[in-house]
Structure formats: structure tokens, C-alpha cells
Amino acid sequence: MTFLIPVLVQTPAHSTVASALSYRFDRRLAPGTLVRVPLGSRELLGIVWEGDARVPDESVDLKSIAAVLDGLAPLAAPWRALVAFAARYYQRAAGEVALAALPPQLRGLDTRQLERRLSRKPAAAEAPTSTTAAPEPTPEQAQALRDLAAADGTFLLFGSTGSGKTEVYLRAVAALLEARPGAQALVMVPEINLTPQLEARFRARFGESAVVSLHSGMTNPQRLKSWLAAHSGQARIVLGTRMAVFASMPGLGLIVVDEEHDPSYKQQEGARYSARDLAVWRGRNEGVRVILGSATPSLESWHLARPATADDPGGRYLRLDMPNRVGAGSLPRVRLVNMEQQQRGTVFAPALLEAMRERIARGEQSLVLLNRRGYAPVLACGDCDWKSECPHCSAFRVFHKVDRTLRCHHCGFTERVPRACPSCGNLDIAPVGRGTERLEELLAERLADTLRPDGTPVRIARIDADTTRLRGALESQLAQVHAGDVDVLVGTQMVAKGHDFRRMTLVAAINPDGALFSSDFRAPERLFALLMQAGGRAGRDAAHGEASEMWVQTFHPTHPLFANLRKHDYPGFAATQIEERRSAGLPPCAAQALVRAEARSQDIAQQFLRAARQAAVEAGLEADGAVVAFDAVPMSLQRVADVERAQMLLESQGRPALQRYLAAWQPLLHAVRARPEHKGLIRWAIDVDPLSI
Ligand code: ADP
Ligand code: ZN
Ligand code: ZN
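Residues numbered from 1 in each chain as written. Chains lettered and ligands numbered in written order. Predicted model: local features only at pLDDT ≥ 70, side-chain atom pairs only at ≥ 80, totals over all residues. Heavy atoms only, no water.

Help me understand the coordination of the zinc ion (ligand 2) in this model?
When a metal carries six donors in an octahedron, the ideal angles between them are 90 or 180 degrees, while four donors in a tetrahedron ideally lie at 109.5 degrees. Protein-derived ligands of the zinc ion (ligand 2) are Cys381 (SG), Cys384 (SG), Cys421 (SG) and Cys424 (SG), with the metal-ligand distances lying across 2.2 to 2.4 Å. Around the zinc ion (ligand 2) sit four donor atoms; with metal-centred angles ranging over 105 to 114 degrees, the donor geometry is tetrahedral. In the primary structure, the donors to the zinc ion (ligand 2) are separated according to the pattern C-x2-C-x36-C-x2-C. Linking Cys384 in the loop between strand S16 (378-381) and strand S17 (398-400) with Cys421 in the loop between strand S19 (414-416) and strand S20 (429-432), this pair joins segments that are 37 residues apart in sequence. On the accessibility criterion, Cys421 (4% relative accessible area) is buried. (Donors = N, O, S within 2.8 Å, 3.2 Å for Na, K, Ca; no water. Tetrahedral: all angles 85-135°; square planar, octahedral: opposite > 155°, others 65-115°. Helix = DSSP H or I, 4+ residues; strand = E, 2+ residues; numbered from the N terminus. Buried < 20%, exposed > 50% of the residue type's maximum accessible area, 1.4 Å probe, protein only.)

This is how it looks when you write it as C-alpha cells:
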């Protein structure tokens, strides 16, 4: 007997193969079983799937499955449902999503290697052991935990920075593990650099062997090990970044998404999924609670957690509020510096420098925040109009003084700084504007005569993507800050979130104005979150809490955003933003998708988008007016690495209408792409619920 078995394999991003391929085998195989199958001249990892399958190539005989990796339990139905949903919703091939969700090393193992790998089984699942005592919950924590226990579904834990959200997660996980043997919890954080701290807290509470992590900073063997521990049920807690949303967890009983507003949850290539949104879907599908935590929730989640009113049934999420910091720690006082009133060219207002000097003399720490790395964003000639443009991108190359290079942050193109202006020979070429490297240098000058309590000179450090390139560099730099070896820390948003710096009592945002007038409608939301998060680093320790301050240097001190920031009033800020979004027909009050196209010329990219739109109109997709497509336009960063980029925006009142449109449009896009006149197109992709427009 032979059976026809549908198998998902990783298909090239632009293949139209959206479903499984058909293979022969001499027995039935359960869906979710991992197999190795021939495709073309290669042998690939595949997953036995359900439903219809396509014959890969009509002209040849059906091939047989080469091997079955039956040492592993099949991937369970809810996992397959998650993958199928993600593929459908984000308009990608199921095989691409499914295979990308597995650890890379699994793709390369044959049956024997896998068996050898599995025989190295860790000790049998231990009951989690509590090693550190849990603190008595605060009244707010206790209330949040009671509300959690009393209902099902998705919760928005809206807790100030330092209100003890992590303690709520720990207790919710503990309650789950006690209630059900074999239960597993998935805890997600936005960035790799936040995992060590959280991992340490979970390990201290639940024991070493109960916790595994999953993120892209791990080696392939480490990732495989964690994945197997999750898949076998041996790991009780899986802690990871956005990729962890796809972890195979047969005992899943709770999902936590910490800092749920963070843009890092959105994957920016391939299947552009939102791990936060998928977590909510997964929780609902598997009937388990989902806790989204943040001091500055995304407006999407905030909107979904709105309470019911007389004429609004309210959102689907239940909101849990923890407005106060644990202990006597209070939120920092916000001080706005009107840069209009400072001398021209002022980088640090004198009052801010004075405030930092006082901190240093008291042995406290300050954080200076600027979201731009390098020495200066542009180098310019004083005589002609030469600027350090990247020849390959529509962007300037950034001046890095450490190694005297001009580096493009988009394509990586790097050159030595020219001795003279390449255009007119003038020797006087100068940095314009400033990045973190220059701030660090300036601070060293301005604070040179300031001494620490022990009489030694001030210590200034910088943490950004440039100082942390090497593995382990970030950890060791953060450790220095925690140990008190640093008085003033200069950094990008990398250090603004999550870290529990105990001695920090001053945070200063040097130049946040760009976001106030950005063309991206989410820029104010991101700025507000960043400033609240950064402010959240200050005064976490009650001993210094009283005097903690958040300084903001701005040319627009009367901007309404700052009025809310001053009062730490996220709800007030969110209300005005949502009103604006509602009247402008923007998310969360509407749904969006982008189609992006890349080509050697802007014309080719836009022509493809226009033709694709035309195909949609001809197919009647816009007949009911539920989806509005805008004109194709160049992306705001129009050219990267000599590739021209264009995009077209789709808007709709609701997600279902948009989803129907996209599903019907997808095959048309492939067909248009195949026309000879679009040969010059390099690639196209759909971004559902895009985060930046
Ligand atoms: P968040 O995640 O909301 O920013 P954390 O969970 O990191 O806050 O808590 C802030 C600090 O308060 C941490 O040092 C934590 O150990 C401490 N903490 C949290 N809950 C309690 C509690 N119930 N009793 C005493 N200390 C607590
Ligand atoms: Zn010149
Ligand atoms: Zn470039």
C-alpha cells in the first residue's frame, strides 16, 4: 500500500506554493510528524500536514518520504493551528512560517543524528523548586492577582514602571504550576538584552531546570536544546523574544507578554508577524490566559481594554491597574527645559549640567538619552554643499570618530573620513548635529572637574549598538552600571527600557523633538512610551526616590504631549491620541496593510504596485468600498543599497474586510508579478498591521 501524505516544506519566499506538497509513504503519518523529504536535488525537513496537497511536479513520479523523525512527538494540533493562522493572516506560505518556527538545527539533522541528540535527555522533569522567597504582594498586586484568577481571556496589566509587574507574572506562573502538573508558561520580552535579568528572577524563583530561553542571541545547539525541552514538556517556563511565540508547548497554560507596546514584537522581514497579536490569538485558541504588561500600552491594546460605557460595550481585554510604585519609590519629577531660551547651539542646558554634578557628588547615577548613535549624523563642507551622503542610499552616512569612518546605517557602506572635501578640496569639513559618541565626549569636557564622593574623577560610559557589538559586551557594560562604576551613562533607547538601575536618580532626554512632527502617526506614541520608560529608570530605589528627575530638553515645551508626560498621565495621553486617530481613520480605529515593492528604479516599483491595484479593481475587490487603496508612493527611505522602494497603503474600517481583500488579492499579485513587463521588480511583500508607514 502507498499513502499520499501532505507535507509542508520551506518554500522560497516568492513561490506561490501556499499549501503542502504531496509525498508517498507506506503508512499513514499523524499530522505534525517531522519528516525528511526530497525536493529538487535536496533533502529537506518537512512537517506532515492536513488537508489538500499539491503534486510538486506533474511531470515526474511522486517522490517518497525519505525518513520519519519519529523520535519526536508530532507537533500538536494547536501549534499547527497557530502556524496556519499566522500564514493566512500575514499572507505568507504556511511552509515558510512553519519551518521558520522550528530551531534551525533541526532542519539539518537526519534520523540518526536526531536520535543521538534525543538520547542526551536531561534528567526527568523535576518539580519546580522555589529557591527564593516571594515577597508579600502589595495590595495592588494582590488585587491584580485576584482579578486574574477570577476571569479568563486576555488581560492588560497596566502598571507603572516599578509597580511590580514582574512579581505579578511570577505569582501567576507559580499559581499555574501548582494548579496543574505538566502545565507550562510562556513569558515573552521584547529584546534579548532584557532576558538575562528576567531569566535570573525566574530561575531564582522556580529553579534552574524549570526555565529555558529562546532567542536569536543563542547558538543553534542551545536553541535546539531549549526547543526540545519545551516540546517535550520538560521545561515548565519558556522565556523568550518574539520567536518564542511559536514554541511548541504541549502543556501551555499561560502567556505573558512583558512590555507589550514594544515595536520589537513585530517581525520586520519575511512573515511580518506581531508576536504580541499572535500571543493573544494563541491564548484564545488554546483557552489560556494572556497577560499583556506595560506602563505605556500600545494604543491598540489600550483600546481593546477600554471599560464599557453607556454607549460602548467596551473592549475584549480586562484591564488590571497598578498605578503606584512598590515601596516608597515615587515617579520622577518631570522638568522641561525650553531650548528656545538657551544660548544658540546649547547641547546641555547649564541647569541640567548642574543637576548632574549634584548627582555625581552624591554618588548617584544619571542617564543621558539620545536616539542616535555615532559622533555626528552628517559631515558637511563649509564652502560648497557637499554632505556625507551614502552613494547607495537616500540617507547620510554617519561620522564615527573612534575609527574616523563614515558609515551608512542602512546598507553598511563604510569609508575612511576624507581629509578634504571630495567635491571642492576644502580642508574644513565639519560634523553637523550630534550622536551619542559626541555627547559622551562633550560630557567628559563639561564634567571634567566634577568629583565623586570618594574624590576620584567622574566616570562616564556609553552604551549603544556600537559599544555592544561583541557577544557579552552589553552584559558586562550593564554590570558596571549596576555595580555603581559609572556615574553618567550615555545611551540610545537600548538602555531606556526594562533595566532596574538602583542608583539612577536623573534621566535626561537631550533632543526628542523630531518625533513631535514626524510624518509617522505613531511617532508621538513611541516618544511618549520611550520617555515614560526612560523616566522609569529613575528613582526606583526608595532611598533616592524623592529627588529623582526626568529632564526633557525641547524647543516645544507647550506641546500637549509634555503636559501629559509631566503628570505621568498615560490615560490622558492615550485619550487624546485615540481621538485623533478616530477622526483621521487610523489604527486602532481602522485596519491597515502595506504592499511594498523593490526594484532598480522607482518607476518599476510603482508600476508594479499600480498594476496590482488595477488587478484588484478589475476583480471587483473594491466594489463594496470597504477597503481603500492609496496611490503608490516612494517609501520615506526611498533608496537602500541601490534598491528603490515604493509602497501602497490599504485602509479599512475593520480587519475582516481587509483580510478578505488581501486573501483574494494575493494570487493576483503573484500573477501580475509574473508578467514580462514587471521583470525588473526585485521583490514585493505585504505587511499586515504595519508599524511604520
Ligand atoms: P516592573 O516590572 O513593574 O517595572 P518590578 O517587578 O521590576 O517592576 O518591581 C520593581 C522592584 O520592586 C523590584 O526590585 C522588585 O523586586 C520589587 N518588588 C516587587 N514586588 C514587591 C513586593 N510585593 N514587595 C517588595 N518588593 C517588591
Ligand atoms: Zn566642499
Ligand atoms: Zn547606504
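What should I look at first to understand helix H5 (residues 139-150) in this one?
Helical periodicity: at 3.6 residues per turn, an α-helix aligns residues three or four positions apart in one direction. Here H5 is twelve residues long and its end C-alpha atoms lie 16 Å apart, about the 16 Å a rise of 1.5 Å per residue gives. Of the positions making up H5, those classed as buried are Glu140, Gln141, Ala144, Leu145 and Leu148. For H5, the angular spread of the buried residues around the axis is 135 degrees, confining them to a single face. Of the exposed residues in H5, those oriented more than 90 degrees away from the buried face are Pro139, Ala149 and Ala150. Looking at the buried side of H5, the elements it contacts are strand S7 (154-159), helix H6 (165-179), strand S12 (289-294) and strand S13 (318-322). (Expected span 1.5 Å × (residues − 1). Arc of directions from axis to C-beta. Contact = heavy atoms within 4.5 Å.)

What is the right way to read the packing of aromatic side chains from this model?
Each aromatic ring pair is specified by the distance between its two centres and by the angle formed by the two planes. Under the criterion given, the structure shown has 13 aromatic pairs. Considering the side-chain rings of Phe85 and Trp281, the 4.4 Å spacing of their centres and the 5 degrees angle between planes classify their relative orientation as stacked. Of this pair, Phe85 sits in helix H1 (residues 77-89) while Trp281 sits in helix H9 (residues 275-286); the two residues are 196 residues apart in sequence, bridging distant segments of the chain. As far as the burial class goes, Phe85 and Trp281 line up, both buried. (Phe/Tyr/Trp six-rings, centres within 6.5 Å; stacked < 30°, edge-to-face > 60°.)

What is the right way to read the coordination of the zinc ion (ligand 3) from this model?
Within the protein, Cys390 (SG), Cys393 (SG), Cys408 (SG) and Cys411 (SG) serve as the donor atoms for the zinc ion (ligand 3), at 2.2 to 2.3 Å. Coordination at the zinc ion (ligand 3) is tetrahedral: its four donor atoms span angles of 107 to 113 degrees at the metal. Counting residues between consecutive donors of the zinc ion (ligand 3) along the chain gives the motif C-x2-C-x14-C-x2-C. Residue Cys390 is located in the loop between S16 and S17, and its partner Cys411 is located in the loop between strand S18 (405-407) and S19; the two are separated by 21 residues in the primary sequence. Using a relative accessible area of 2% as the deciding quantity, one classes Cys390 as buried. Looking at Cys411, the relative accessible area reads 29%, which means it is partly exposed.

I'm lost on the pattern of salt bridges in this one. Help?
Side chains that differ in charge, positive against negative, can pair when their charged atoms come close. All chains considered together, the criterion is met by 43 salt bridges. Residue Arg359 pairs with Glu549 through a salt bridge whose shortest N-O separation is 3.6 Å. You can see Arg359 sitting in helix H11 (residues 350-362) and its partner Glu549 sitting in strand S24 (residues 549-554), a full 190 residues away along the chain. Overall, Arg359 belongs to the buried group, its relative accessible area being 2%. Salt-bridge contacts for Arg613 lead to Glu622; the nearest nitrogen and oxygen are separated by 2.8 Å. Where salt bridges share partners, they join Arg333, Arg335, Arg359, Arg362, Glu364 and Glu549 into one cluster. (Salt bridge = Lys/Arg side-chain N within 4 Å of Asp/Glu carboxyl O.)

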